[in-house]
Amino acid sequence: MLGRTANGLFWMFRYIERAENTARLIDAGLRMSLTRMHGHEEEWESVLRSSGVFGAYCETNAEVTSSDAVNYLLRDKTNPSSILSAIEAARNNGRMVRTALTREAWEATNECYLDIKSQLARKPSNADLPGIIDNIKQRTGLIRGAFHGTMLRNELYNFSRIGTFIERADNTSRILDVKYYVLLPAASYVGSSLDNVQWESILRSVSAHRSYGWVYDDDYKPANIADFLILNGRMPRSLAYCYDKINANLSYLEREYGKRDACHETAKATLGMLREREIQAIMDTGLHEFLQGFISQNSRVAAEISEAYRFYQD
């Protein structure tokens, strides 16, 4: 397999995951803004920060408003992480590696791009936003479904899955970090009913609301939620689950090519860190500090994988 093919698949699925994650963040922002009688624009600053685009947004916008923030995250082409930009980038990468995809996987990707591009040709109204967000989540889900149902479980599949879980781990860690470090307007709100509503919205943004209730009976304690999204290996968007899958797919590549790279060791160490920690120890030493360290480690793994796939050749 050519390194160019690995690169295209890795980034194709990172962008698909990014588009869905951004849609879920917008959905969470819409829900959170409804919990306040005033000052709800602050919620959109937290969503922009969670997406990692707050600085870029401020370069072209004098203030944070819900309308401008949604437009920037949804369809602004100057934002490379907007949903429209991410889906277009995913489609371009998919087209570059078209022969490495099944017909079903390519058609699902192409149809997603054409449908979303048409929907976002104009700035949507507030009434249309929920339907658009649902459509984006459904379309990206169809791509994953077509891919899982038709692709061989070979190195093409492995690089695609690694891209998905690198992006997902980054998203979950950033959402948690923003919630705990930026989102609350004052320390006095911690443990309040407002805090609980915001935590519930964050759980919804990572598709964890119902599954959290199964485990913790809807008891919205910060330590429980952090434990669920960081260390619970059964939760498919938790950091532990993501790194379990990253390591598994890297192991498949190692067996396929008989080659072990720096990314294997870094990913293994990251999973070991997650398995050895207890949530109370993380909370005691600082959740923000832990998550910042994880984000840096995850970026290192992604960079090492990018370096490694240069050397995968026919």
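Numbering of residues starts from 1 in every chain and runs along the sequence as written. Where local features are concerned, this predicted model is filtered to residues with pLDDT of at least 70; where side-chain atom pairs are given and counted, the filter is 80 or more; whole-chain, interface and lining totals use all residues. With hydrogens and water set aside, each side-chain value is computed from the structure's full complement of heavy atoms.

K.L.:
Pulling in residues and values, what's your account of the overall build of the protein?
P.N.:
Numbering of helices and strands runs from the N terminus; a helix is a DSSP stretch of H or I covering at least four residues, while a strand is a stretch of E covering at least two. When you go through the protein residue by residue, the secondary structure sums to 15 helices and zero strands. Every one of the 314 residues in the protein was classed for burial, and the buried ones make up 57%. Accessible area of the protein: about 14100 Å², with a carbon and sulfur share of 47%. Classification of residues uses two cut-offs on accessible area relative to the type maximum, computed with a 1.4 Å probe and protein chains only: under 20% is buried, over 50% is exposed, and between them is partly exposed. For the area figures, the Shrake-Rupley method with a 1.4 Å probe applies, and any residue is considered shielded solely by the protein chains shown.

K.L.:
Which residues make up the pattern of salt bridges, and what values go with them?
P.N.:
Salt bridge, as used here: a side-chain nitrogen of Lys or Arg that lies within 4 Å of a carboxyl oxygen of Asp or Glu. The final tally for this structure, using the stated rule, is 21 salt bridges. The shortest N-O distance in the salt bridge between R24 and E20 comes to 2.8 Å. In this pair, R24 and E20 are both assigned in helix α1 (residues 3-33), four residues apart and thus about one turn of the helix distant. E20 matches R24 in its accessibility class, with the two residues each being buried. It is possible to trace a salt-bridge network through shared partners that takes in E17, E20, R24, R144, R168 and R237.

K.L.:
Account for the layout of surface pockets, with residues named and values stated.
P.N.:
Points on a 1 Å grid, built from protein atoms alone, make a cavity when a 1.4 Å probe fits but cannot get out and make a pocket when they are open with protein on both sides within 12 Å along at least 5 of 7 lines; residues with an atom within 4 Å of a point are the lining residues. Grid points are joined across faces, edges and corners, and a volume is the space filled by probe spheres set on the points. By volume, the largest pocket amounts to about 320 Å³. Contributing to the lining of the largest pocket are 18 residues, with R18, S51, E167, D170 and R174 lying nearest its centre. Those elements that place two or more of their residues in the lining of the largest pocket are α1, α2 (41-51), α8 (155-183) and α15 (287-308). The residue classification treats Ala, Val, Leu, Ile, Met, Phe, Trp, Tyr, Cys and Pro as nonpolar and Asp, Glu, Lys and Arg as charged. All others, Gly included, are polar. Looking at the lining of the largest pocket residue by residue, the class counts come to four nonpolar, nine polar and five charged. Approximately 220 Å³ is the volume found for the second largest pocket. Every element with two or more residues in the lining of the second largest pocket is listed here: α1 and α4 (66-74). When residues in the lining of the second largest pocket are grouped by element, the largest group, four residues, is from α4.

K.L.:
Talk me through the environment of V301; I want residue IDs and the actual numbers.
P.N.:
Inspection of the secondary structure puts V301 in helix α15. Sequence spacing of V301 and T266 is 35 residues, and the spatial spacing of their C-alpha atoms is 6.2 Å. In this analysis, two residues are considered to be in contact whenever any of their non-hydrogen atoms come within 4.5 Å of each other. Once residues lying within four places of it in the same chain are set aside, the contact partners of V301 are I166, Y243, C263, T266, A267 and T270.

K.L.:
Lay out the side chain of N298 in plain terms, naming residues and giving numbers.
P.N.:
Turning to its location among the elements, N298 is positioned in helix α15. Nitrogen and oxygen atoms within 3.5 Å of one another constitute a polar contact, given that in protein one can donate a hydrogen and the other can accept it, and given that sequence-neighbouring residues count only through two side-chain atoms. Side chain to side chain, N298 and Y243 meet in a polar contact 2.6 Å long. Residues contacting N298, with those up to four places away along its chain left out, are I166, A169, D170 and Y243.

K.L.:
Kindly report on the confidence of the model for the protein, identifying the contributing residues and their values.
P.N.:
Mean pLDDT over the protein stands at 88; residues scoring 70 or higher make up 89%. Segment residues 185-190 is flagged for pLDDT under 50; beyond a separation of four residues in sequence, or across chains, it makes seven contacts in the model. A score from 0 to 100, pLDDT tells how confident the predictor is in each residue.

K.L.:
How would you sum up the packing of aromatic side chains? Please name residues and give values.
P.N.:
Aromatic pairs are defined between Phe, Tyr and Trp rings, using the six-membered ring for Trp, whenever the two ring centres lie within 6.5 Å; interplanar angles under 30 degrees are classed as stacked, those over 60 as edge-to-face, and all others as tilted. One pass over the structure, following the stated rule, counts ten aromatic pairs. On the numbers, 5.4 Å between centres and 80° between planes, the contact of Y57 with Y72 is edge-to-face. Note that Y57 is positioned in helix α3 (residues 54-60) and Y72 in helix α4, a separation of 15 residues in sequence. Accessibility classification places Y57 together with Y72 in one group, the buried group. Between Y243 and F294, the ring centres sit 5.6 Å apart and the planes meet at 80°, which makes this aromatic pair edge-to-face. A residue pair is termed long-range when its members are at least 10 positions apart, and Y243 in helix α12 (residues 239-257) and F294 in helix α15 qualify at 51 residues. The burial state of Y243 is the same as that of F294; both residues are buried. Aromatic rings pair up to connect F10, W11 and Y15 into one cluster.

K.L.:
So what's going on with empty space enclosed by the protein? Which residues, and what values?
P.N.:
Summed over the entire model, instances satisfying the criterion amount to three cavities of 30 Å³ or more. Roughly 60 Å³ of volume is contained in the largest cavity. As for the largest cavity, its lining consists of ten residues, and the residues nearest its centre are M32, S46, S50, V178 and I202. Secondary structure elements with two or more residues in the lining of the largest cavity: α1, α2 and α8. Grouping the constituent residues of the lining of the largest cavity by class yields seven nonpolar, two polar and one charged. By volume, the second largest cavity is sized at about 40 Å³. Forming the walls of the second largest cavity are F13, R144, F147, H148, S160, R161 and T164.

K.L.:
Any chance you could break down the side chain of E167 for me, citing the residues and the numbers?
P.N.:
Residue position: E167 is located in helix α8. Of the residues examined, E167 reaches a relative accessible area of 5% and is grouped as buried. When residues no more than four places from it in sequence are discounted, the contact partners of E167 are R14, E17, R18 and N21.

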